[in-house]
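Results of the structural survey
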Amino acid sequence: MRVSTPALSLRRLLQTAGLLLALVVFSPKQAQAQTWLVSTDAYVKIGVMDKFGQLGGFTAKFLVINQDTGKEYTLTKQVPKGQNGIDVVFPSEASEADYFKTERGEAGKAQPGRYTWECQVGGKKVVGGRFGFSEVANDVTLVGKN
């Protein structure tokens, strides 16, 4: 038969207290995290300018062609006398009064791919170029506090 002594009880009590203290010290703290949502919009600003202001007011017709799908998007802007040029953004928001759209009214989208653009004044191409939209991904980031 075992007999317990006060020294054995004190030793067991200290071991238990040490174990509990270790669990408290090394236990994970309550995590409080902040969640951030990320959005990415790709667009291109294109423009035309009558460098010496010889035309006065003019109508600028912008044409953007998606080289992968062949879709053509147009936007026509009136440039008033005294303002030599204008910049536009592709794709423009469909909620705006004037926006890049196909003949059927489909709004332009920044889909990945290659594009060409030109600006016509008086039915003639005056400037043009090309650009591309690469594929982008949005992430959800979770930042934890320690």
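You'll find the structure just up there.
Because the structure is predicted, anything quoted here is derived from the model rather than measured.

Conventions used here
Residues numbered from 1 in each chain as written. Predicted model: local features only at pLDDT ≥ 70, side-chain atom pairs only at ≥ 80, totals over all residues. Heavy atoms only, no water. Core = buried A, V, L, I, M, F, W, Y, C linked by side-chain atoms within 4.5 Å. Buried < 20%, exposed > 50% of the residue type's maximum accessible area, 1.4 Å probe, protein only. Helix = DSSP H or I, 4+ residues; strand = E, 2+ residues; numbered from the N terminus. Contact = heavy atoms within 4.5 Å. Polar contact = N/O pair within 3.5 Å; in protein donor to acceptor, adjacent residues only side chain to side chain.

A few words now on the nonpolar core. Grouped together as the largest cluster of nonpolar side chains are 20 residues, with contacts concentrated most on Ile46, Phe62, Val64, Phe90, Phe100 and Phe131. Every element with two or more residues in this core is listed here: β2 (44-49), β3 (58-66), β4 (72-79), β5 (85-90), β6 (113-121) and β7 (124-133). Excluding residues within four positions of it along the chain, Phe131 makes contact with Val44, Val64, Phe90, Gly113, Arg114, Tyr115 and Trp117.

Assignment of secondary structure puts Asn66 in strand β3. A residue is classified by how much of its surface remains accessible, and Asn66, at 2% relative accessible area, is buried. Separated by 3.2 Å, the side chain of Asn66 and the backbone nitrogen of Thr69 make a polar contact. Among the polar contacts made by the side chain of Asn66, one reaches the side chain of Tyr115 at a distance of 3.3 Å. Excluding residues that lie within four positions of it along the chain, Asn66 makes contacts with Lys71, Gln111, Arg114 and Tyr115.

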